[in-house]
Amino acid sequence: MSETPTAESVLPPAPGAEDHLALDFVNSAIALPGGQFIDLLGTPAATNRWLTERGLAPADAGVQEMCATQLRSLREHVRALFSARVAGLPVLPTALSAVNDALSKAPTAALLYWDEKNGPYRATPCPTNEILDRALATLAANTADLLTGPDAERLTGCGSPPCNRFLLRHGRRHWCSTRCGDRARAARAYARRTQPAPG
């Protein structure tokens, strides 16, 4: 049996995903032709690997199913926000609440600590049980930054069904990868060839 697929083995990162973690996050659920679906957060181990590869958790974080479920839930809310932004529609209040809730999970202020030997110092706490909260907060903050920043105007969905990935449009390009662009062009060419001749 082959190893669990990674994003890179399926499709290259969508344009903009290198600059916006939120794009990479929302695109971790990939719809492929033929009804195939790959979820890079589908299991606790896969979720731990995804977080580790992006510097959001140590390799030995021991992500449990409950944590993976929380991340998948946030991903669907981010997808709803992106879809609303692209379509110019009102956003679902639950999606907005979920992102704001995730934003509030990470402490922003360095707390005061006292070391017996060296005296007082400030540090931001991050016990292991807060790894998920920090990851959720980081992903939510990146989502908010993307949706309120200059790149929001370029956010679009891949124009090659059944692909469900988002990207930042460059020029006229509306595909997340060469593979999707080739599939869309082939579908258009096929449609032209199979149209009945005007009578």
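Because the structure is a prediction, the values reported are computed rather than measured.

Analysis parameters
Residues numbered from 1 in each chain as written. Predicted model: local features only at pLDDT ≥ 70, side-chain atom pairs only at ≥ 80, totals over all residues. Heavy atoms only, no water. Helix = DSSP H or I, 4+ residues; strand = E, 2+ residues; numbered from the N terminus. Buried < 20%, exposed > 50% of the residue type's maximum accessible area, 1.4 Å probe, protein only. Contact = heavy atoms within 4.5 Å. Areas by Shrake-Rupley, 256 points an atom, 1.4 Å probe, with all protein chains shown as cover. Axes fitted to C-alpha atoms, helices over the stretch in contact; angles between N-to-C directions. Parallel < 35°, antiparallel > 145°, perpendicular 65-115°, else oblique. Left-handed = near helix turned anticlockwise from the far one by under 90°. Nonpolar A, V, L, I, M, F, W, Y, C, P; charged D, E, K, R; others polar. pLDDT = per-residue confidence, 0-100. Disulfide = S-S within 2.5 Å.

Peer 1: Teacher, can you tell me more about the overall build of the chain here?
Peer 2: On a plain count of helices and strands, the chain comes out with seven helices and six strands. When the elements of the chain are put in sequence order from the N terminus, they spell out α-α-β-β-α-α-α-β-β-α-β-β-α. Classification of the 199 residues of the chain by burial places 38% in the buried group. Across the chain, the fraction of contacts at a sequence separation of at least 24, relative to all contacts at a separation of at least 6, is 52%. Summed over all atoms, the accessible surface of the chain reaches about 11,400 Å², with 57% contributed by carbon and sulfur.

Peer 1: Help me understand the packing of helix α4 (residues 65-87) against helix α5 (residues 93-103), please; the structure alone is not making it clear to me.
Peer 2: In a packed pair of helices, the relevant descriptors are the angle between the two axes and the axis-to-axis distance. Contact geometry of α4 with α5 gives a least axis separation of 9 Å together with a crossing angle of 125 degrees. The orientation of α4 with respect to α5, classified from their angle, is oblique. Of the two elements, α4 crosses α5, and the hand of that crossing is left-handed. For the pair α4 and α5, contact is made by Leu74, His77, Val78, Ala80 and Leu81 and by Thr94, Ala95, Leu96, Ala98, Val99 and Ala102, respectively. Its residues assigned to classes, the contact of α4 with α5 shows nine nonpolar, two polar and no charged.

Peer 1: Any chance you could explain unusual backbone geometry here in plain terms?
Peer 2: Negative phi is the rule for most residues except glycine; trans is the rule for most peptide bonds. Put simply, Pro161 and Pro162 share a cis peptide bond, and its omega is 5 degrees. Of note, Pro162 is situated in the loop between β5 (155-157) and β6 (166-168).

Peer 1: Where do I start with the side chain of Ser160 in this structure?
Peer 2: Of note, Ser160 is situated in the loop between β5 and β6. Classification of Ser160 as buried rests on a relative accessible area of 2%. Aside from chain neighbours lying at most four places away, what touches Ser160 is Trp175, Cys180, Arg183 and Ala184.

Peer 1: Where do I start with the confidence of the model for the chain in this structure?
Peer 2: Should the pLDDT be low somewhere, the predicted coordinates at that spot are not to be read in detail. Predicted confidence across the chain gives a mean pLDDT of 84, with 87% of residues reaching 70 or more. Contacts of residues 1-8 to residues separated by more than four positions or lying in other chains number eight contacts, the stretch itself having pLDDT below 50.

Peer 1: Sorry, what's going on with the state of the cysteines here?
Peer 2: Chemically, a disulfide is nothing more than a covalent bond linking the sulfur atoms of two cysteines. Under the counting rule described, the total for this entry stands at zero disulfides. Considering cysteine sulfurs only, Cys176 is the nearest to Cys163, which forms no disulfide, with 3.6 Å between them. A relative accessible area of 1% places Cys176 in the buried class.

Peer 1: What should I look at first to understand the packing of helix α3 (residues 44-53) against α4 in this one?
Peer 2: At their nearest, the axes of α3 and α4 sit 9 Å apart, and the two run at 60 degrees to each other. Two packed elements cross with a definite hand, and for α3 against α4 that hand is left-handed. Residues Pro44, Thr47 and Leu51 of α3 pack against Glu65, Ala68 and Leu71 of α4. Across the contact of α3 with α4, the residue classes tally to four nonpolar, one polar and one charged.

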